[in-house]
Amino acid sequence: MRPSLRFVFCGTAAGKRSAQEGAYYAHPGNMFWRALFQAGLTPRLLAPQEFSLLPEFGIGLTDLAKRHIGNDDELPKDAFDVPGLLSKIERYAPAMLAFTSKHAARTVLGAHASYGLQDRAFGSTKVFVLPSPSGQARGHWDLTHWIALAAHAASTFEPQQ
């Protein structure tokens, strides 16, 4: 993370493939990179190994569990560092915190979360909940919410220089 980001996308934990490759959302069945491009948040389709280019587009990435890998149901109960995430959000103040799953959102918000813009914010950082791009969550996949995030950003944020 760094200051002046438009978005910080937050997942729960790196999957096994992502951990092996040292790249976010690296499994070929994961829709994250395609969703960013198809929603118009990046000018081209990026490969997972190009995640370091995201700050150029005003995008940062993080996970709730920094010391564990695997599926949500494989993680220990104390895997998620909510205070650590909120400290980063307070420090760097991105315009939008976008959770890449309802599970991540519920863990941080402590309540039910529906897809889309939330009523809750952390300082000036708005909160948005997206369907998980994981191939294992394919039954809940819907690009519409990612497009809505991009539309909200286009109507809210100043154009990047």
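Quick caveat: nothing in here was measured; it's all calculated off a predicted structure.

Parameters at a glance
Residues numbered from 1 in each chain as written. Predicted model: local features only at pLDDT ≥ 70, side-chain atom pairs only at ≥ 80, totals over all residues. Heavy atoms only, no water. Phe/Tyr/Trp six-rings, centres within 6.5 Å; stacked < 30°, edge-to-face > 60°. Helix = DSSP H or I, 4+ residues; strand = E, 2+ residues; numbered from the N terminus. Buried < 20%, exposed > 50% of the residue type's maximum accessible area, 1.4 Å probe, protein only. Core = buried A, V, L, I, M, F, W, Y, C linked by side-chain atoms within 4.5 Å. Contact = heavy atoms within 4.5 Å. Expected span 1.5 Å × (residues − 1). Salt bridge = Lys/Arg side-chain N within 4 Å of Asp/Glu carboxyl O.

> Before we move on, could you go through the packing of aromatic side chains and cite the residues and values that matter?
Inspection of the entire model under this criterion finds 9 aromatic pairs. Judged by centre distance (5.8 Å) and plane angle (80 degrees), the rings of Phe32 and Trp146 are edge-to-face. Taken together, the positions of Phe32 in helix α2 (residues 32–38) and Trp146 in helix α5 (residues 143–156) put the pair 114 residues apart, joining distant regions of the chain. Comparing Phe32 with Trp146, the two get one shared label, buried.

> Please set out unusual backbone geometry residue by residue, giving values where relevant.
Even without being a glycine, Tyr25 presents a positive backbone phi close to 50 degrees. Residue Tyr25 is classed as buried on the basis of its relative accessible area, which comes to 11%. If you check the backbone angles, Ala93 has positive phi at about 45 degrees while not being a glycine. Within the secondary structure layout, Ala93 lies in the loop between α3 (82–92) and β3 (96–99).

> So what's going on with the nonpolar core? Which residues, and what values?
Core analysis: the biggest nonpolar cluster contains 24 residues, and Phe9, Trp33, Leu36, Leu41, Trp146 and Leu149 have the highest contact counts within it. Those elements giving two or more residues to this core turn out to be β1 (7–14), α2, β2 (59–69), β3 and α5. In terms of residue count, the dominant contributor to this core is α5 (5 residues). If we ignore the near neighbours within four places in the chain, the residues touching Trp146 are Phe9, Phe32, Ala35, Leu36, Ala39, Thr100, Leu130, Pro131, Pro133 and Trp141. Cys10, Leu97, Val108 and Val127 belong to the second largest nonpolar core, which has 20 residues in total.

> Describe α5, naming the residues involved and giving the relevant values.
Here α5 spans 20 Å end to end across 14 residues, near enough to the 20 Å set by a 1.5 Å rise per residue. Buried within α5 are the following residues: Leu143, Trp146, Leu149, Ala150, His152 and Ala153.

> Lay out the pattern of salt bridges with the relevant residues and their values.
Should the charged atoms of two oppositely charged side chains come close, the side chains can pair. This model, assessed by the stated rule, comprises 1 salt bridge. A salt bridge links Arg44 to Glu50, with the nearest nitrogen and oxygen atoms 2.7 Å apart. Owing to a relative accessible area of 38%, Arg44 belongs among the partly exposed residues under this scheme. For Glu50, a relative accessible area of 22% corresponds to the partly exposed category.

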